[in-house]
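Residue strings, one per chain:
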Amino acid sequence: MTDGTKGFVAFGALSLAVATIAGAAASHALGSLDARSLSMFETAVRFQFYHGLALLVVPLLRERFGRPLGITLAAWAFVAGTLLFCGTLYARALGAPPVLGSLAPIGGSAFILGWIALAVGVTRGR
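Everything numeric in this text was worked out from a predicted model, so none of it was measured.

**Some thoughts on the overall build of the protein**
Phase 1 of the analysis: Along the protein, the regular secondary structure elements total four helices and zero strands.
Phase 2 of the analysis: Ordered by position from the N terminus, the helices and strands of the protein form the series α-α-α-α.
Phase 3 of the analysis: Here the C-alpha coordinates of the protein stretch approximately 50 × 25 × 20 Å along the principal axes.
Phase 4 of the analysis: Every one of the 126 residues in the protein was classed for burial, and the buried ones make up 44%.
Phase 5 of the analysis: Across the protein, contacts joining residues at least 24 apart in sequence account for 77% of those joining residues at least 6 apart.
Phase 6 of the analysis: Taken as two groups, the 9 positive and 4 negative side-chain charges of the protein have centres that lie 10 Å from each other.

**Some words on helix 2 (residues 35–65)**
Phase 1 of the analysis: With 31 residues, helix 2 ought to run about 45 Å at 1.5 Å a step, and its terminal C-alpha atoms sit 44 Å apart, in line with that.
Phase 2 of the analysis: At Val 57, helix 2 shows its largest bend, some 35°, and a proline, Pro 59, comes one to four positions later.
Phase 3 of the analysis: Residue Asp 34 occupies the N-cap position of helix 2, its side-chain oxygen lying 3.1 Å from the main-chain nitrogen of Arg 36.
Phase 4 of the analysis: Phi turns positive one or two residues past the end of helix 2, at Gly 66, with a value near 75°.

**Section: the packing of helix 2 against helix 4 (residues 104–124)**
Phase 1 of the analysis: Running from N to C, helix 2 and helix 4 cross one another at 20°; their axes reach a closest spacing of 12 Å. When the interaxial angle is binned, helix 2 and helix 4 end up roughly parallel. The two elements helix 2 and helix 4 meet at a crossing, and its hand is left-handed. Contacts between helix 2 and helix 4 involve Phe 47, His 51, Ala 54, Leu 61 and Phe 65 from the former and Phe 111, Trp 115, Leu 118 and Val 122 from the latter.

**Focus: the packing of helix 2 against helix 3 (residues 69–93)**
Phase 1 of the analysis: The geometry of helix 2 relative to helix 3 is characterised by a closest axis approach of 9 Å and an angle of 165° between their N-to-C directions. In terms of axis orientation, helix 2 runs roughly antiparallel to helix 3. The handedness of the crossing between helix 2 and helix 3 is left-handed.
Phase 2 of the analysis: Classifying every residue of the contact of helix 2 with helix 3 by side-chain character gives 19 nonpolar, six polar and two charged.

**So, the side chain of Gln 48**
Phase 1 of the analysis: Locating Gln 48 in the fold gives a position in helix 2.
Phase 2 of the analysis: Among the polar contacts made by the side chain of Gln 48, one reaches the main-chain carbonyl oxygen of Ser 15 at a distance of 2.9 Å.
Phase 3 of the analysis: Leave out the neighbours within four places in its chain, and Gln 48 touches Ser 15, Leu 16, Val 18, Ala 19, Thr 82, Cys 86 and Tyr 90.

**Structural notes on the side chain of His 51**
Phase 1 of the analysis: Residue placement: His 51 occurs in helix 2.
Phase 2 of the analysis: Classification of His 51 by relative accessible area gives buried; the value is 3%.
Phase 3 of the analysis: Among the polar contacts made by the side chain of His 51, one reaches the main-chain carbonyl oxygen of Phe 47 at a distance of 2.8 Å.
Phase 4 of the analysis: For His 51, the contacting residues outside a window of four places in its chain are Phe 78, Thr 82, Phe 111 and Trp 115.

Rules used in this analysis
- Residues numbered from 1 in each chain as written.
- Predicted model: local features only at pLDDT ≥ 70, side-chain atom pairs only at ≥ 80, totals over all residues.
- Heavy atoms only, no water.
- Helix = DSSP H or I, 4+ residues; strand = E, 2+ residues; numbered from the N terminus.
- Buried < 20%, exposed > 50% of the residue type's maximum accessible area, 1.4 Å probe, protein only.
- Contact = heavy atoms within 4.5 Å.
- Lys, Arg positive; Asp, Glu negative; His and termini not counted.
- Charge placed at Lys NZ, Arg CZ, Asp CG, Glu CD.
- Expected span 1.5 Å × (residues − 1).
- Bend = angle between axes of the 7 residues up to and from the residue.
- Polar contact = N/O pair within 3.5 Å; in protein donor to acceptor, adjacent residues only side chain to side chain.
- Axes fitted to C-alpha atoms, helices over the stretch in contact; angles between N-to-C directions.
- Parallel < 35°, antiparallel > 145°, perpendicular 65-115°, else oblique.
- Left-handed = near helix turned anticlockwise from the far one by under 90°.
- Nonpolar A, V, L, I, M, F, W, Y, C, P; charged D, E, K, R; others polar.

This is the structure:
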């Protein structure tokens with residue numbers, strides 16, 4: 001496994017740890033949030049889990065399909081999406097200014113582009 005791939009796996013694993021902590025906090029310690037904020041928080045946890053798991057699979061896909069650029073781009077897009085989409089939703093749910101919410105669509109777009117890049121990467125790989 002290359003250093004770059006190790007970085008994606010490490011980010012994915014740490015992202016899953018953070019999502020687990022955030023999910024536990026949402027179910028136990030964040031009872032003071034209103035329904036909309038709690039829903040936003042739970043959406044962030046769910047998306048962080050999906051994309052953290054996707055990052056754990058990157059090394060297998062790169063090994064299987066010969067390291068095509070699309071798979072690497074997908075991994076970077078999943079990292080960006082996690083930081084921008086999930087990070088924004090967490091912050092907004094906890095009371096950050098609404099203007100911060102303008103970053104969420106950028107993160108969501110990164111997730112979508114990541115899945116498209118992954119599809120292209122595996123179809124163009126060996």
